[in-house]
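In case you want the letters, here they are:
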Amino acid sequence: MARRAAGRLTHFDPKGRARMVDVGRKAVTHRVAVASGRIEMRAATLRRVAAGSAKKGDVLGVARIAAIQAAKRTPSLIPLAHPIAISRVAVDLELDRRRSAVKVIARVECRGRTGVEMEALTAAAVGLLTVYDMLKAVDRGMTIRALRLEEKRGGKSGAWHRR
């Protein structure tokens, strides 16, 4: 992996033009990616989420569905992402009272020729944005933080875990 990071960027041809990477010769493997992020808010806002008393309804349930839909629509949003036959999307939303935040963890899996990192990151991002949308009437100062890849497995480069 370090060699690839120091080498050329795969989404550009030798002349520097953007291109979709040819994955046709890559092996089909079980691929997994996990991404996370959090949205920080006022304590009173988090209490509304915990109590299920937000004006727009079940914040966590709607954010979970939005995140799942986002993973499936990633190629429509990220121009050079491949359409992937996703086999699983799991989204967990956790209340973090210490940080006064909601944490979103998205896990995406497939059996395919390319990874699902972008799908996991997109799912987490849209889950967080949905929480913001559902609560903005009471807390416009919410802040989305730490959207990041936590792990990926499968493919030639193998496993990677955030430390």
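See the structure above.
Since the model is a prediction, treat every value here as computed from it, not as a measurement.

Parameters at a glance
Along each chain, residue indices are assigned from 1 in the same order as the chain's sequence is written. Local features in this predicted model are restricted to residues of pLDDT 70 or higher, and side-chain atom pairs are both shown and tallied only at a pLDDT of 80 or more, whereas totals for entire chains, interfaces and linings draw on every residue. Hydrogens and water molecules were not included; the side-chain quantities draw on all heavy atoms of the structure. What we call a nonpolar core is a set of buried Ala, Val, Leu, Ile, Met, Phe, Trp, Tyr and Cys residues that are connected through their side-chain atoms within 4.5 Å. Accessibility here uses a 1.4 Å probe with only protein chains present; expressed as a share of the type maximum, an area under 20% marks a residue as buried, one over 50% as exposed, and anything in between as partly exposed. Put simply, DSSP marks the helices as runs of H or I at least four residues long and the strands as runs of E at least two long, and each gets a number from the N terminus on. In what follows, residue pairs with any heavy atoms lying within 4.5 Å of each other are defined as contacts. In short, DSSP must find at least two bridges between two strands for them to pair.

What follows is about the nonpolar core. Among the nonpolar cores identified, the biggest contains 30 residues, and Ile39, Met41, Val91, Leu93, Val102, Val131 and Leu135 are the most heavily contacted of them. Every element with two or more residues in this core is listed here: strand 1 (29-40), helix 2 (43-51), helix 3 (59-72), strand 2 (86-96), strand 3 (101-112) and helix 5 (117-135). With 7 residues, the single largest contributor to this core is helix 5. Filtering out sequence-adjacent residues up to four positions away, valine 102 remains in contact with Gly37, Arg38, Ile39, Met41, Leu46, Val49, Leu60, Leu93, Glu94, Leu95 and Leu128.

Relative to strand 3, strand 2 runs antiparallel, the two being bridged by 10 bridges. Note that in strand 3 the partner of valine 89 across the bridge is valine 108. Adjacent in sequence and paired antiparallel, strand 2 and strand 3 are bridged by 4 residues, among which serine 100 carries a positive phi angle near 55°.

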